[in-house]
Amino acid sequence: MHNWLPKSTHHLAPALITAVIGVSWAAAPTQASTMYMINESGTTPIVSGENSPLSDTVSGTITTDGTIGVLHSSNILSWDLDITDNLQPANDVVLTPSNSALVEDVGNGLTASATGLFFNFSASGAEFLIQGTTHGVFSGYQYFCFSATGGACAAGETIVPSYYAVDGVKVTGLTGTLPLLPPSNGAVPEPATLSLLGIGLAGVGLMRRRKAK
């Protein structure tokens with residue numbers, strides 16, 4: 001049997017093989033984690049017994065597993081959130097998985113698209129709550145919450161750097177599906193892209209060794 005490849009093209013075989021393998025790997029469906037930015041602020045008018053009007057902000061990032069559509073607890077990989085009291089900096093706290101927990105993600109209120117995260121404030125029973133664990137969950141301390149009709153927290157958007165009755169801000173009257181978190185530009189590279197790069201470099205190295213011989 002004769003080899004159908006011309007002698008002059010034998011050195012191309014490794015490159016052709018690695019290219020075919022690389023294309024097939026890159027074509028395989030993958031799911032990369034996605035980091036979303038958050039920067040939500042709220043104010044509360046003068047309240048008797050509180051240092052008001054109050055002004056609080058939650059800013060930072062939430063990272064998901066890349067799922068598009070309804071998000072549940074298992075789809076949230078991490079978060080790094082500054083809960084800021086704009087009047088009393090001593091109350092500020094940074095929440096991460098090491099000192100806080102995703103306490104509530106019930107219903108189908110939280111969704112992701114290619115352009116951001118959204119919460120449906122009209123979805124009965126839907127709620128999303130991240131809270132610091134220093135004082136315990138459901139303690140009223142250190143949290144932010146999106147709630148459609150109320151539950152663990154009041155209906156609307158709540159931001160609490162310290163304690164809800166001292167510096168908590170609540171935004172009420174929210175209805176429908178509203179954008180919450182615009183996506184960042186730093187999406188994690190897909191594994192197939194990294195694999196293709198590695199295969200290409202290996203192919204180049206193999207061709208150089210064959211020429212050296």
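See the structure printed just above.
Residues numbered from 1 in each chain as written. Predicted model: local features only at pLDDT ≥ 70, side-chain atom pairs only at ≥ 80, totals over all residues. Heavy atoms only, no water.

If you look at the biggest cluster of nonpolar residues, it comprises 26 residues, and the most contacted ones within it are Ile 76, Leu 81, Ile 83, Phe 119, Phe 128, Ile 130 and Phe 144. Broken down by secondary-structure element, the contributors of at least two residues to this core are strand S1 (34–44), strand S2 (54–64), strand S4 (76–85), strand S5 (93–95), strand S7 (110–112), strand S8 (117–120), strand S9 (127–132) and strand S10 (141–147). With four residues, S4 is the largest single contributor of residues to this core. With near-sequence residues (within four places) excluded, Phe 144 lies in contact with Ile 38, Val 58, Ile 62, Leu 81, Ile 83, Phe 128, Leu 129, Ile 130, Thr 158 and Ile 159. One finds Val 103, Leu 129, Cys 145 and Cys 153 within the second-largest nonpolar core, a separate group that totals six residues. (Core = buried A, V, L, I, M, F, W, Y, C linked by side-chain atoms within 4.5 Å. Buried < 20%, exposed > 50% of the residue type's maximum accessible area, 1.4 Å probe, protein only. Helix = DSSP H or I, 4+ residues; strand = E, 2+ residues; numbered from the N terminus. Contact = heavy atoms within 4.5 Å.)

Right, let's talk about the state of the cysteines for a bit. Within the structure shown, the criterion is met by one disulfide. The disulfide that involves Cys 145 links it to Cys 153, with 1.7 Å between the sulfurs. Per residue, the accessibility class of Cys 145 equals that of Cys 153, and both read buried. (Disulfide = S-S within 2.5 Å.)

Attention now goes to the packing of aromatic side chains. Evaluation of the coordinates by the stated rule reveals seven aromatic pairs. Geometrically, the ring pair formed by Phe 119 and Phe 121 is edge-to-face, given 4.9 Å between the ring centres and 65 degrees between the ring planes. No difference in accessibility class separates Phe 119 from Phe 121, as the two residues are buried. A ring pair is formed by Tyr 141 and Tyr 163, whose centres lie 4.5 Å apart and whose planes are at 40 degrees; its orientation type is tilted. Of this pair, Tyr 141 sits in strand S10 while Tyr 163 sits in strand S11 (residues 156–163); the two residues are 22 residues apart in sequence, bridging distant segments of the chain. (Phe/Tyr/Trp six-rings, centres within 6.5 Å; stacked < 30°, edge-to-face > 60°.)

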